[in-house]
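Read off the chains here:
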Amino acid sequence: MSAFILRRLFQSAVAVIVMSLLVFFGVSVVGDPVYMLISPDMPQAEIEATIKQFGFDRPIWEQYFLFVKNALQGDLGNSFIFAEPALKLIVERMPATLELALAAVLMAIVLGIPLGVYAGLKPHSVLSKTIMGGSILGFSLPTFWVGIMLIMIFAVVLGWLPSTGRGETVNVFGVPVSFLTLDGLTHLLLPAFNLALLKISLVIRLARAGTLEVYHQDYIKFARAKGLSSRRIVFVHVLKNIMIPVVTVLGLEFGNLVAFSVVTETIFAWPGMGKLLIGSIQTLDRPVIVGYLLLITVMFVIINLIVDVLYSLLDPRVRLADRGA
Amino acid sequence: MSVEAPDAGLAGSEAAGEAGKARGRVETPLKRFVSDYAESPLAVVAFFVFLAIVAVALLAPVLAPQNPYDLAQVSVLDSRLPPGEVSMEGYTFLLGTDGSGRDMFSAILYGLRISLAVGVLSGLLAMTVGMAIGLVAAYAGGRVETVIMRIVDLQLSFPAVLVALMLVAILGKGIDKIIIALIIVQWAYYARTVRGNALVERRKEYVEAAQCLGLPHRRVVFRHILPNCLAPLIVVATVQTAHAISLEATLSFLGLGLPPTEPSLGLLIANGFQYMLSGSYWISIFPGLALLITIVAINLVGDQLRDVLNPRLRR
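About the thresholds
Positions within a chain are numbered from 1, following the residues in the order the chain's sequence is written. Chains and ligands are labelled sequentially in the order written, the chains with letters from A and the ligands with numbers from 1. Where local features are concerned, this predicted model is filtered to residues with pLDDT of at least 70; where side-chain atom pairs are given and counted, the filter is 80 or more; whole-chain, interface and lining totals use all residues. The secondary structure listing takes helices from DSSP runs of H or I that are at least 4 residues long and strands from runs of E that are at least 2 residues long, numbered from the N terminus. With C-beta atoms placed from the backbone, a contact is any residue pair whose C-beta atoms sit within 7 Å. Any residue surrounded by 20 or more other C-beta atoms within 10 Å of its C-beta is treated as buried, while 12 or fewer makes it exposed and the intermediate range makes it partly exposed; C-beta atoms here are placed from the backbone. For this classification, the nonpolar set comprises Ala, Val, Leu, Ile, Met, Phe, Trp, Tyr, Cys and Pro, the charged set comprises Asp, Glu, Lys and Arg, and every other residue, Gly included, is treated as polar. As a rule, the C-alpha atoms of each element are fitted with a line to give its axis, helices using only the stretch in contact, and angles between N-to-C directions run from 0 to 180 degrees. In this scheme, roughly parallel covers angles under 35 degrees and roughly antiparallel covers those over 145, while 65 to 115 is roughly perpendicular and the rest are oblique. Helix crossings fall into two classes, left-handed where the near helix is turned counterclockwise from the far one by less than a right angle and right-handed where it is turned clockwise. In these notes, a nonpolar core means any group of buried Ala, Val, Leu, Ile, Met, Phe, Trp, Tyr and Cys residues linked to one another through C-beta atoms within 7 Å. Scored from 0 to 100, pLDDT reflects the predictor's confidence in each residue.

Visitor: Before we move on, can you summarise the overall build of chain B with the specific residues and values?
Guide: Helix and strand counts for chain B come out as 12 helices and zero strands. Put simply, chain B runs from its N terminus to its C terminus through helices and strands in the order α-α-α-α-α-α-α-α-α-α-α-α. Of all intrachain contacts in chain B linking residues separated by at least 6 positions in sequence, the fraction that spans at least 24 positions is 63%.

Structure representation (structure tokens):
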């Protein structure tokens, strides 16, 4: 097990290094950030001082090593636009994004599993076919389009829910959260559903496939022969066995949700990391772009690692296979 | 109907009937493919919808009542008219007008053209690149294969949206850059598919035979292995094209895609979004519907192709 984790750790480190190289050199090759910081009528001495201050006069590989050295100390440079540390800007907006993503995961589980299990238990009913048809739509609709529709229906036509911002927030351990106030909750509902839609469809598919498979196993037949109520069979025996793929996939998809929140946050003006990234790309705010991309790479690598370990804990066969190897 | 052709029973009585009428007893693979495909009426409808969309996009300059980007034909006085309103010059805006007085119907036709062009072009190029790399990986084996597949795995562990955003952040805006970004996003899917199939095909006797005949590697790879990997590749290509169109629309919507001079559907939707809260729903909704119909139609075709071309599901 520990050899497995070590190997994974090494692979993860390589991935992070490769990504940091790609991102840094890529972003440095685009537009010259110098021109964003100086105006043409500045005196020459001042221009040079600015260039020196941001290290643009050094060779690019030196800039990279400086960047890595600083990054390891948690310093990703100052934002060109906000004149604040990039890391601080990103971290400040992280709770909003995480809240949105967690709410979406919750929705995917709460809505996806019952619908999927139902569709698996009664595969030929009209309702099941409707559910599966809906899940195909959920897969093919572009996120931003669904977001617009949600705003159109619930904010413009019906006027039930707000469409922008986080609403009223409450501080929990110094972190502002929306879901504890009614106002915040109404603000959270639309963007979270928007973000969750793809995952709801995914969970429906997984739960249905799992239920179809599990329901014909001998241990279900045995449980039924033993006289267990069908409720107990579904809630204990079926549910437990379909949870493995669902947990794995949702875990892996969590990073995906954070990435997709770029779109949702832009539509719903949700003040998270994704919205910051879009703004930074448009203004060529290099430290923030690099910082965001690095942070999300690290996050992805960590998520993959956690899911691998969790998987081996949930499914004893993985552990046994590893011990044998 | 099927009495005429007892030999052609494989593909069901309908196909047998048709084949029987034409040739007596021979059933060509193409005919079997068509009849298998036609088993789902929804997929047939989707296919024709897709054909219609392509035709409309190609014929946009002929079909559109105005050229929405010719300033001489657009009048600001007509801006934000709801569907069905009549313009200053007296013709009807079927789907209304946008903020600068452009006819939405025409704008959608032109937008569809750009969206489809970007999607299909990037899909084809990505397929070519991915196919070549995947074949090389499978045929060369060893370290080359390991390195290529590690890169594929690394890329596929990141969501496509994120990779695309990274690339756009790096490359900048513009139609050529979007296409490059979409190629880089997609090639890995093709490479993985081709490599998987090529590995299976490589071990078959006909490849061995070709190698024994002393045929050059290039010929073995492209004339013998590749044609046998095409079926799954077509399925991936269909689904990926829909994906590319959706991704381009997303990027354009975020303001990171195509420049306003080449407005795709995504950009039209983004333009309309600012007017939506004040009630001018049509500027966003209609391009959105056009995008939606395109994507759903391609996906339905892809789904059916997957079922038809999958040998394991063949009855």
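Visitor: Go over the overall build of chain A with me, naming the residues and quoting the values.
Guide: Scanning chain A for helices and strands turns up 13 helices and two strands. Residues classed as buried in chain A amount to 35% of the 325 residues present. Put simply, 71% of the contacts in chain A that link residues at least 6 apart link residues at least 24 apart.

Visitor: So what's going on with the interface of chain A and chain B? Which residues, and what values?
Guide: Each side of the interface is counted separately: chain A has 30 residues, and chain B has 33 residues. Every element with two or more residues in the side of chain A that touches chain B is listed here: helix H1 (2-29), helix H7 (143-157), helix H10 (230-268), helix H11 (273-283) and helix H12 (286-314) of chain A. The element best represented in the side of chain A that touches chain B is H7(A), accounting for seven residues. Of the residues belonging to the side of chain A that touches chain B, the class tally is 22 nonpolar, eight polar and no charged.

Visitor: Could you give me a rundown of the packing of helix H3 (residues 41-58) of chain B against helix H5 (residues 104-140) of chain B, with the residues and numbers involved?
Guide: Residues and elements named next belong to chain B. At a minimum axis separation of 8 Å, H3 and H5 run at an interaxial angle of 110°. The angle between the axes of H3 and H5 places the two elements in the roughly perpendicular class. Of the residues in H5, those in contact with Ile53, Val54, Val56 and Ala57 of H3 are Leu109, Leu112, Arg113 and Leu116.

Visitor: Quick one: what's the story with unusual backbone geometry, residue by residue and with numbers?
Guide: At A:Ala269, a residue that is not glycine, the phi angle is positive and equals roughly 50°. With respect to the helices and strands, the residue A:Ala269 is situated in the loop between H10 and H11.

Visitor: Provide a residue-level description of the environment of A:Trp160, including the pertinent values.
Guide: All names here are of chain A. Relative to the helices and strands, Trp160 resides in the loop between H7 and strand S1 (170-172). Residue class for Trp160 comes out exposed when judged on the 11 C-beta atoms lying within 10 Å of it. It is 8.9 Å that separates the C-alpha atoms of Trp160 and Thr186, two residues lying 26 residues apart in sequence.

Visitor: Could you give an account of the packing of helix H8 (residues 182-214) of chain A against H10(A), with specific residues and numbers?
Guide: All names here are of chain A. Running from N to C, H8 and H10 cross one another at 160°; their axes reach a closest spacing of 8 Å. Comparing the axis directions of H8 and H10 gives the class roughly antiparallel. Judged by the twist between their axes, the crossing of H8 over H10 is right-handed. Partitioned by chemical class, the residues of the contact of H8 with H10 number 17 nonpolar, six polar and two charged.

Visitor: For the nonpolar core, give the residues involved together with the corresponding values.
Guide: Burial of nonpolar side chains together is a common tendency in soluble globular proteins. Residues A:Ala104 and B:Ala164 are the most contacted members of the largest nonpolar core, which totals 158 residues. At 17 residues, H5(B) tops the list of elements feeding residues into this core. Contacts of A:Ala104, omitting those with residues within four sequence positions, involve A:Ala192, A:Leu195, A:Ala196, A:Lys199 and A:Leu257.

Visitor: Tell me what's going on with the confidence of the model for chain B, and back it up with residues and numbers.
Guide: Summary statistics for chain B give a mean pLDDT of 78 and a share of 80% for residues scoring 70 or more. Taken over the whole predicted complex, pTM reads 0.80, whereas the ipTM for its chain interfaces reads 0.76.

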